[in-house]
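# Secondary and tertiary structure notes
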Amino acid sequence: MKTTLLLPVAFTIALSINSVWGLSCTTCSDPNDSNCVSTVSVPCQNGEVQCVSAFIQTTSITPWGYSSISTKKVKGCAASSLCPFSITQDFSLNVGTSRVLAKAVCCSSNNCNTADAPAPSTPGPGSLQCFSCDPLTGTCSTGLTCNALEGYCFSSRVIPRGFSTEVPAHGCASGNICAAAAALSTSPLLIDVGTVQGTPTCCTTANCNPLTTTTAAPTTTTAAPTTTTAAPTTTAAPTTTAAPTTTTAAPTTTTAVWGLSCTTCSDPNDSNCVSTVSVPCQNGEVQCVSAFIQTTSITPWGYSSISTKKVKGCAVSSLCPFSLTQDFSLNVGTSRVLAKAVCCSSNNCNTADAPAPSTPGPGSLQCFNCDPTMNTCNTGLTCNTLEDNCFSSRVIPKGSSMEGLAHGCASGNICAAAAALSSSPLLIDVGTVQGTPTCCTTTNCNPPAHAYCNTYCAAEVWGEAGWKHGGRQKRWGGAGRRRWRH
């Protein structure tokens, strides 16, 4: 008997009780209450960088054409795979037997998600064709036309609630569904329907998601022949026949990748990216990006210089979770970075230069930054309107072997991409980030471990030569590939 797959929304909201980031979010008291009538404030875990309020609409369709629509309101803390920064976004997933539309409003201040999210709008028709599965026949070759939000073909396996058998779930997905793929198996929203097994995969070309199977090499066992012979008077030495050996070649497995190619700057040292080449992306690099990065380097004595750089290439989900245009901002006192990145999901869609970022207005958040002339990290810094997080990190400027403390203000998308900053061109003129930076959202929540940062804050490290010319040029050279990596 075939099992009808009813798959709900594919994004993750992690509810927790231990707080590291200093962020608390309004959370539904009863997870079974689809209207989220009663709420409570819950502290978020490290890595949960935003609060979220979401409205989810799921249409379940039987193989015989009957359908039902259910809605659910969800509130809580959100991991960066779902809410990389403050934004309102629409999710869409269609696996034939279930269609999901969701609108999520992400924000970064305490309990900013008390209001209900609006209902999602119905997208128009798209052009991408993907395979979906027919639960009556068990095949996954049914054609499905995606809507305007769904730029990816989706492949997964799910164990529906009440069953112990996996069933395939293939269809269409929006880019933000794919960006959150690794977190789908732990989503509390799947508890009444099914559990995603492993990490779903996505691809961007027509019908690139057929059902594939791998057959284990057969095992053949042959018993050695038994011969019984009466003892003759004279017997020649008996002949022994070895048991036959059967060898079967191991099956060949081809690992599917995203199938996306992006325009990339041929010369990583060319700040204008005059010459480009198309480069295939690696698995996990879900978008193409074109970015304009402006870095202002400031000496302790007030002298400043501005450098600009154009970057194009493949982008991982922490930097480009889906197709959008976003502004990044970071200020660590001795260096200020503004960047505008245009993310898109079709082959070589990033040929055009990104526009220059606009200068944000003054904000209200106050954060600590480091003063290299005083060897302290308790100088107050007023963030701009984009910067809603206090930032703490360590950096090795180019030409130095010493780490320096980098404390200041950062936009939410800088924090969402924290694990990728060590190899990202975003900070190429600032230095090499060591480890994973941390962020917090309350005033002066980023003091250093020690009030005085000794030689790590020395002018040798933080001086103009170190900051102005800092970067990871060698990382991006060689093969001529510039990636926004994890």
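Here, every reference points to the structure presented above.
Throughout what follows, the structure given in this document is the object of discussion. (Residues numbered from 1 in each chain as written. Predicted model: local features only at pLDDT ≥ 70, side-chain atom pairs only at ≥ 80, totals over all residues. Heavy atoms only, no water.)

Relative to the helices and strands, S345 is located in the loop between strand 17 (335–344) and strand 18 (362–371). With a relative accessible area of 17%, S345 lands in the buried category. When neighbours within four sequence positions are excluded, S345 is seen to be in contact with Y152, T204, L260, Q287 and S323. (Helix = DSSP H or I, 4+ residues; strand = E, 2+ residues; numbered from the N terminus. Buried < 20%, exposed > 50% of the residue type's maximum accessible area, 1.4 Å probe, protein only. Contact = heavy atoms within 4.5 Å.)

With that out of the way, let us pick up the state of the cysteines. Here the structure, examined in full by the defined rule, presents 20 disulfides. Two residues share a disulfide in this structure: C28 and C36, whose sulfurs sit 2.1 Å from each other. Its torsion about the S-S bond being -105°, the disulfide of C28 and C36 is classed as left-handed. Classification of C36 as buried rests on a relative accessible area of 4%. The disulfide partner of C262 is C288, and the S-S distance across this bridge is 1.9 Å. (Disulfide = S-S within 2.5 Å.)

As a further point, take the pairing of strand 8 (residues 139–147). A regular strand places its side chains on the two faces of the sheet in alternate fashion. Pairing geometry for strand 7 (residues 125–134) and strand 8, over six bridges, is antiparallel. Within strand 8, the position partnered with P125 by the bridge is N147. In this structure, the hairpin formed by strand 7 and strand 8 is closed by a connection of four residues, where G138 is found at a positive phi of approximately 80°. (Pairing = 2+ DSSP bridges.)

Right, let's talk about unusual backbone geometry for a bit. The general pattern is negative phi for most residues beyond glycine and trans for most peptide bonds. Phi is positive for N348, which is not a glycine, with a value near 55°. Topologically, N348 is positioned in the loop between strand 17 and strand 18. Its relative accessible area of 26% is what places N348 among the partly exposed residues. Of note, N444 is a non-glycine position whose phi angle comes to about 50°, a positive value. Classification of N444 by relative accessible area gives partly exposed; the value is 29%.

Taking burial as the measure, the eight residues of strand 16 (residues 324–331) include six buried ones, the bulk of the element. Sheet analysis places strand 16 next to strand 17, joined by eight bridges and oriented antiparallel. Residue pairing for strand 17: D327 is matched across the bridge by K340. Linking strand 16 back to strand 17 in an antiparallel pair, the connection comprises three residues, with G333 at a positive phi of about 85°. Where strand 16 lies against strand 21 (residues 404–411), two bridges are found, and the strand directions are antiparallel. Bridge pairing in strand 21 links L330 to A410.

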